[in-house]
Each structure stands twice: as C-alpha cells, then as structure tokens.
Amino acid sequence: MMKLLLLGPLLFVSVWVHTAIAMESHEPHHHVSTLMMKVQRQLEAVQTLQESIKKKLEEVHAVQSNSHTTQQAACVGNTYSLDTQSSFVMKDEIVTMNNGHSIRMDDILYGYDWVFESRRLFSVGSWLGVQSQQDPADLVVIQQLLWDIKPKVIYDIGTNVGGSAIIFAHIMSQYAKPGEAIIVSVDPKHYSINWDDAAKQLCPKCTAVDENPLWNDYVQFVQARSVEPQAIAALEAAIAKYGGPVIISVDGWHDYPEVYEECVTFAKYVTVGSYMIVQDTKLDRIFNKPGPRQAVYDCLVNNTNFVIDKSREVFLYSQHTDGFLLRVR
Ligand SMILES: C[S@@+](CC[C@H](N)C(=O)[O-])C[C@H]1O[C@@H](n2cnc3c(N)ncnc32)[C@H](O)[C@@H]1O
Ligand SMILES: *[C@@H]1O[C@H](CO)[C@@H](O)[C@H](O)[C@H]1NC(C)=O
C-alpha cells in the first residue's frame, strides 16, 4: 500500500529530474539553478507526502491494535506474574504435555482470563439475541445455581443491555409464572445503551432486550445505582410481594469500594441457603489492585453468615472464584 502510494510521486519526480538534466545541456547556465530549485521543491513536496502517508499508516496500525483492547484490558502487553493469592481450584496442579511443556493449572486458567479481557470476549456473547457479558462457563454454573435455588427475587446489579436479566428471566420462566417471581435489575445507565461501544460490532445480530417478552414478564428495571434508595425500595417491595429465596448478583461497578458497599448492604436480603454472586473477582489480579475479590474477603469478616462455596467452581475456570457466597445461617 505504502509502496504503491509512493511510486506515483517518485516516478513523477524522477521523470522531472531527467527532463531537467536533458534540458540543462541545451539551456544557458542561469536556467540550471532555477531548475534545481524547482527539483528541490518537488523533492520537498514528496517528502511531505511521505511523512503524511507514514502518519496515516501509524494511525491505521494504532486502530488495528486497539480494536481488541479496552479500558478493561489494561493487561495487554504486560506480563503476568504468579499470584500467591490465586483462588483457582487445583491451581497448583501441573499439566504435562507430550511436546515437553509443563503448564501449571493456574497458568491455564488465568491465561484464559487474560485472553477473555484482552480479546474483549465479554462483548461477543448473547442469550436469546441479547448481548450478555456473562462468561460461558460461569453462565452454566449460575444456571445450575438458579435451578437449585429457584429464587423468587433476583437483584441484578449492573443491567447493561439486559444480558444477565434475560438469562435469569429465561431460567425463572421454567419454574415460575409471570407474577410469581421477579428480577429487579438496576443500572444508573439506561439499558438501551451498551457501556462497551464495540459491542455493536462484536455482536452484530444482537437485538434490544425489551423486544423479548421475558423482559416485560419478569424484569423490573430501575435506573439507579444499586445502593440508591429507590433501588433498595424496589428490592424490598419485591421481597415483600414475592418472598424468597432471594439471590443477589453483583455485577455493577467493579471497583473495591462499590463492591464492598454492595456486599455489606445486600447481605441481609439473601435468604439462608441462597447466594450472593460477586462477579469478576478475577479483576483484582488483572488490574493488580484490591477489587471485587478483596471486597468479598473484607465483607465476610463481619458477615459470618456466609461461606465461600468452592463447590460452585465445578469447571475450575471461573471469573468469579471465591465469589459464590452461600448464606449458611
Ligand atoms: C459488566 S456490566 C453488566 C453486564 C450484565 N450484568 C450482563 O451480564 O450482561 C456493568 C454495568 O454496571 C453498571 N453500573 C455501574 N455502576 C453501577 C452501580 N453503582 N449500580 C448498578 N449498576 C452499575 C454499568 O453501567 C454497566 O452497565
Ligand atoms: C467490621 O466491623 C467493625 C465494626 O463495625 C468495623 O470497625 C470494621 O472495619 C469491619 N471490618 C471489615 C473488614 O469490614
């Protein structure tokens, strides 16, 4: 591309220079310097053109390499180190392959976290046509959990475009009729807008959640932050109307203070034998700072009614390791 773009101007200049030299032999002396100045100017023009092509190419490369990254994927280009706090089940097991490679289970599992974030895989998935940011392995686990518990109320923190809500509603529709159970889904942003601008491109066939009857039958959307009074009022009204079991899904703002506050605030609404699911505990490691996972640990210090249920991490890989919190009393 660059070569083709440059070839035109270069050919032009080279013909020009040859013509100028050919002419020089027949022209008086004072014309030579004028010609040389003209050639000089043409060369400068070509150089400018060359610079602008180079700049354009750099821009194209930048766009290409950015298309798989995001603010959520600060991991790209960094190397990751052994995490002594790794919370993967069987993390220390060594997998030996017949090509001589030995890989720690932790590397395999965390390696996929890395791939998932850096390749923006959180925006490629959908459920019944609705873009969903649930990781496939955890999605099956959450389905198993919902089927076991059969909650009457789910507090879905972080609606985005309704992905988790439509999944929960779909499962709910298999054990409860509309009006018997509900999902209160909260997000300060409207569900018609995806926080990830690239999602449209990454899931071209995705459709709006409110085109699905499950949304109207099972979901109450509250446009607010999870801990705002109108959101909490909606949760309490739902519990008063539908009873339990109650499940809390924490998938809103994934920074430590927000998750800690949500965990502490909503622990009391979870019914005994049911769960709070704190999503994306993997982010502590990816961003190398206290995040959802640390928030869980700190939250449980004073909420001794909960235990971390590792038995939910059946696929070993989970983005919510230590995030399946079972209320035991
Ligand atoms: C990871 S996305 C949720 C994905 C969604 N649960 C799904 O499975 O497709 C996080 C969402 O949380 C929302 N959010 C941010 N702060 C919040 C808060 N304080 N309370 C509730 N939601 C919040 C963001 O606007 C964003 O849409
Ligand atoms: C536990 O509760 C005590 C008393 O309210 C408080 O001072 C402390 O910070 C809490 N600990 C954690 C880790 O949240």
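Residues numbered from 1 in each chain as written. Chains lettered and ligands numbered in written order. Predicted model: local features only at pLDDT ≥ 70, side-chain atom pairs only at ≥ 80, totals over all residues.

Looking at an unreviewed UniProt entry, one finds the protein named Rhamnosyl O-methyltransferase, with Volvox reticuliferus as its source organism.

## Digging into the packing of helix α4 (residues 136-149) against helix α5 (residues 163-172)
Contact geometry of α4 with α5 gives a least axis separation of 10 Å together with a crossing angle of 40°. The pairing of α4 with α5 is recorded here as oblique in orientation. The way α4 lies across α5 gives a crossing that is right-handed. The residues of α5 that touch α4, namely those facing Leu139, Gln143, Leu146 and Trp147, are Ile167, Phe168 and Ile171. (Axes fitted to C-alpha atoms, helices over the stretch in contact; angles between N-to-C directions. Helix = DSSP H or I, 4+ residues; strand = E, 2+ residues; numbered from the N terminus. Parallel < 35°, antiparallel > 145°, perpendicular 65-115°, else oblique. Left-handed = near helix turned anticlockwise from the far one by under 90°. Contact = placed C-beta atoms within 7 Å.)

## Remarks on the sheet that holds strand β10 (residues 306-308)
Pairing in this open sheet of seven strands is mixed, and the strands run β7-β6-β5-β8-β9-β11-β10 from one edge to the other. Both edges of this open sheet fall to β7 (219-222) and β10, since each of them pairs with a single strand only. Taking each pair of neighbouring strands and ignoring which way they run, the sheet shows an average axis angle of 20°. In terms of strand pairing, strand β5 (residues 153-157) meets strand β6 (residues 182-186) through five bridges, oriented parallel. Paired with Val153 across the two strands is Ile182, which belongs to β6. (Pairing = 2+ DSSP bridges.)

## Considerations on helix α11 (residues 292-302)
Three or more residues of α11 are buried, namely Pro292, Arg293, Ala295, Val296 and Cys299. Projected down its long axis, α11 carries its buried residues within an arc of 155°, all on one side. Looking at the buried positions of α11, the neighbouring elements they touch are α9 (256-266), β9 (275-278), α10 (283-287) and β11 (324-327). (Buried ≥ 20, exposed ≤ 12 C-beta atoms within 10 Å, placed from the backbone. Arc of directions from axis to C-beta.)

## Regarding α5
Counting buried residues along α5, nine of its ten residues qualify, which places the element largely inside the surrounding structure. Among the residues of α5, Gly163, Ser164, Ala165, Ile166, Ile167, Phe168, Ala169, Ile171 and Met172 are the ones counted as buried.

## Let's talk about the environment of Phe315
If you trace the backbone, Phe315 turns up in the loop between β10 and β11. Given 14 C-beta atoms within a 10 Å radius, Phe315 is considered partly exposed. For the pair Phe315 and Asp138, spaced 177 residues apart in sequence, the C-alpha separation works out to 8.3 Å. Not counting residues within four places of it along the chain, the set of residues in contact with Phe315 comprises Ala137 and Val141.

## Thoughts on the pairing of β5
With five of five residues buried, β5 lies mostly within the body of the structure. Neither face of β5 is open: one carries Val153, Tyr155 and Ile157, the other Ile154 and Asp156, and all of them are buried. Considered for its hand, the β-α-β crossover made up of β5, α5 and β6 is right-handed. Of the strand pairs in this sheet, β5 and strand β8 (residues 246-250) are connected by five bridges, and their pairing is parallel. For Asp156, the partnering residue across the bridge sits in β8 and is Ser249. (Right-handed = clockwise from strand over helix to strand, strands pointing away.)

## Thoughts on the site of ligand 1
Of all residues adjacent to ligand 1, which total 19 residues, the nearest are Gly158, Gly163, Ser164, Gly252 and Trp253. Of the residues contributing to the shell around ligand 1, the split by class is five nonpolar, nine polar and five charged. (Near = placed C-beta within 6 Å. Nonpolar A, V, L, I, M, F, W, Y, C, P; charged D, E, K, R; others polar.)

## Some words on the nonpolar core
Among the nonpolar cores identified, the biggest contains 57 residues, and Ala169, Ile183, Val184 and Met276 are the most heavily contacted of them. Top contributing element to this core by residue count: α5, with seven residues. Once you skip the residues sitting within four places of it in the chain, Ala169 turns out to touch Ile183, Leu214, Trp215, Tyr218 and Val219. (Core = buried A, V, L, I, M, F, W, Y, C linked by C-beta atoms within 7 Å.)

## Notes on unusual backbone geometry
Between Gly244 and the following residue, Pro245, the backbone shows a cis peptide bond with an omega angle of -5°. Assignment of secondary structure puts Pro245 in the loop between α8 (229-242) and β8. Look at Lys150: it is not a glycine, yet its phi comes out positive at around 50°. Note on placement: Lys150 falls in the loop between α4 and β5. The phi angle at Asp322 is positive, at roughly 65°, despite the residue not being glycine. Along the chain, Asp322 falls in the loop between β10 and β11. The exposure class assigned to Asp322 is buried, which follows from the 22 C-beta atoms found within 10 Å.

## Describing the environment of Val222
Tracing the sequence through the fold places Val222 in strand β7. On a C-alpha basis, the gap between Val222 and Thr159 in space is 9.2 Å, while along the polypeptide they are 63 residues apart. Not counting residues up to four positions away in its chain, the partners in contact with Val222 are Val184, Val186, Gln230, Ala231 and Ala234.

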